[in-house]
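Listed below are the residues making up each chain.
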Amino acid sequence: LAKTTQPISMDSYEGQEVNITCSHNNIATNDYITWYQQFPSQGPRFIIQGYKTKVTNEVASLFIPADRKSSTLSLPRVSLSDTAVYYCLVGDWNTDKLIFGTGTRLQVFP
Amino acid sequence: GAVVSQHPSRVICKSGTSVKIECRSLDFQATTMFWYRQFPKQSLMLMATSNEGSKATYEQGVEKDKFLINHASLTLSTLTVTSAHPEDSSFYICSATVLSGGGGNEQFFGPGTRLTVL
């Protein structure tokens, strides 16, 4: 399974756009990219998923370049409630197995 | 989205006892469920893949006789921590996959179970 590398932590202020980039140099053809959000003492919550190019939903956008060796989660205007840990995962299309990396701890300040 | 529940949400037990944690998919059928463990300030660690009607597949370093997994139906998987010890105290999380509209599979996580072994 492809490993992922992302910054350990990031700080931002309310109303700003936050971009978290994840590296997955060994991503395979069958792998898709998924981002999750986790609050303390809760299970991870699905944010967005993509395979290539750009995906957008009501909460975030996911940018994936043509070589798919990285991806960027974009949160348009963060609020205090977006303070959480964000995990980038690369999952096999066939097995659904996900290996969590360190995640990025996002702290949003007022 | 699909809902995955866990029971209990919190359990405290004495050392040497066994604890069973249930994971249910409430509004969908899940042929595959996953079990994770998470220690404070750390990431989730995949323990095993639970397959309905067959034996679970454990990750390297996870003792199958210590962590018994049973996937008896398409909506229920159980994790039993046998002869629990304080070092087994952790946050246990299950997940199940649903086929998403985009072609991949979306994995939904339960709320987690906090196990404390005294």
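The model shown is predicted, which means the values in this text are computed figures rather than measured ones.

What counts and how
- Residues numbered from 1 in each chain as written.
- Chains lettered and ligands numbered in written order.
- Predicted model: local features only at pLDDT ≥ 70, side-chain atom pairs only at ≥ 80, totals over all residues.
- Heavy atoms only, no water.
- Helix = DSSP H or I, 4+ residues; strand = E, 2+ residues; numbered from the N terminus.
- Rg over C-alpha atoms; globule rule 2.2 N^0.38 Å.
- Buried < 20%, exposed > 50% of the residue type's maximum accessible area, 1.4 Å probe, protein only.
- Contact = heavy atoms within 4.5 Å.
- Pairing = 2+ DSSP bridges.
- Axes fitted to C-alpha atoms, helices over the stretch in contact; angles between N-to-C directions.
- Core = buried A, V, L, I, M, F, W, Y, C linked by side-chain atoms within 4.5 Å.
- Buried area = accessible area lost by both parts, 1.4 Å probe.
- Salt bridge = Lys/Arg side-chain N within 4 Å of Asp/Glu carboxyl O.
- Nonpolar A, V, L, I, M, F, W, Y, C, P; charged D, E, K, R; others polar.

Colleague: Help me understand the overall build of chain B, please; the structure alone is not making it clear to me.
Modeller: Counting its secondary structure elements, chain B contains zero helices and eleven strands. For chain B, the α and β elements follow one another from N to C terminus as β-β-β-β-β-β-β-β-β-β-β. The C-alpha atoms of chain B give 14 Å as radius of gyration, which agrees with the globular expectation for 118 residues (13 Å, within 12%). Counting over 118 residues, chain B shows a buried share of 53%. Pairs at least 24 apart in sequence give 53% of the contacts found in chain B among residues at least 6 apart.

Colleague: Would you take a moment to explain the sheet that holds strand 9 (residues 104-109) of chain A for this structure?
Modeller: In a beta sheet, neighbouring strands are held together by backbone hydrogen bonds and run either parallel or antiparallel to one another. Residues and elements named next belong to chain A. Overall, mixed pairing links the five strands, which are arranged 1-9-8-3-4 in an open sheet. In the strand order of this sheet, the two ends are held by strand 1 (9-13) and strand 4 (45-50), each with one partner. On average, each strand axis in the sheet is tilted by 25 degrees relative to the strand beside it, whichever way the strands run. For strand 3 (residues 31-38) and strand 4, the ladder comprises five bridges, and the chain directions are antiparallel. The residue of strand 4 that forms the bridge with I33 is G50.

Colleague: Could you clarify how one ought to interpret the nonpolar core in this entry?
Modeller: Soluble, globular proteins show a tendency: their nonpolar side chains are buried together. With 26 residues, the main nonpolar core has V4(B), W35(B), F67(B), L79(B), Y92(B) and L115(B) as its most contacted residues. Secondary-structure elements contributing two or more residues to this core are strand 2 (10-13), strand 3 (19-25), strand 4 (32-38), strand 5 (44-51), strand 7 (67-73), strand 8 (76-81), strand 9 (90-99) and strand 11 (113-117) of chain B. Beyond its immediate chain neighbours, meaning those up to four positions away, F67(B) contacts R37(B), M47(B), Y58(B), V62(B), L79(B), T80(B), V81(B), D88(B) and Y92(B). Residues I20(A), I33(A), L62(A) and L106(A) belong to the second largest nonpolar core, which totals 20 residues.

Colleague: Just to check I follow, could you spell out the interface of chain B and chain A for this structure?
Modeller: In many analyses, interface size is given as the accessible surface area lost on bringing the parts together. The partner chain A presents 20 residues to the 23 residues of chain B that form the contact. The junction of chain B with chain A conceals about 1,600 Å² of combined surface from both sides, 49% of it contributed by carbon and sulfur atoms. On the surface where chain B and chain A come into contact, there are zero salt bridges. Residue assignment for the side of chain B that touches chain A shows that the elements contributing at least two residues are strand 4, strand 5, strand 9 and strand 10 (105-109) of chain B. Looking at the side of chain B that touches chain A, the element that brings in the most residues is strand 10 of chain B, giving four residues. Taken together, the residues of the side of chain B that touches chain A break down into eight nonpolar, eleven polar and four charged.

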